[in-house]
Amino acid sequence: MSGSLPWSQTPQPPTPTDPNYTLQRIEQNTAGLLSWMKILVAAVVVLIIVTVFLF
């Protein structure tokens with residue numbers, strides 16, 4: 001039987017060398033990271049407030 005294993009990674013196509021594309025990818029990744037950080041900070045603040053009121 002030939003073929004790739006189901007858990008092997010598929011080869012990624014080469015990324016374009018266009019600097020604008022690279023900057024757009026960095027901006028998208030940063031925006032995603034910042035939105036997760038906002039969610040995590042809000043969750044921590046809520047947990048701190050709940051803890052203060054319970055104890």
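Heads up: the structure comes first, above all this text.
Reading the values: the criteria
Residues numbered from 1 in each chain as written. Predicted model: local features only at pLDDT ≥ 70, side-chain atom pairs only at ≥ 80, totals over all residues. Heavy atoms only, no water. Helix = DSSP H or I, 4+ residues; strand = E, 2+ residues; numbered from the N terminus. Buried < 20%, exposed > 50% of the residue type's maximum accessible area, 1.4 Å probe, protein only. Patch = residues over 30% accessible without salt bridge, like charges linked within 9 Å, V, L, I, M, F, W, Y side chains within 5 Å. Areas by Shrake-Rupley, 256 points an atom, 1.4 Å probe, with all protein chains shown as cover. Salt bridge = Lys/Arg side-chain N within 4 Å of Asp/Glu carboxyl O.

Draft legend 1. Up close: the overall build of the protein. Per the secondary structure count, the protein includes 1 helix and 0 strands. Out of the 55 residues in the protein, the part that is buried amounts to 0%.

Draft legend 2. Up close: a nonpolar patch on the surface. A contiguous nonpolar surface patch, about 410 Å² in accessible area, is contributed by Val41, Val45, Ile49 and Phe53. In this structure, Phe53 sits in helix α1 (residues 19-54). Residue Phe53 is classed as exposed on the basis of its relative accessible area, which comes to 70%.

These results come straight from atomic positions and should not be treated as a statement about function.
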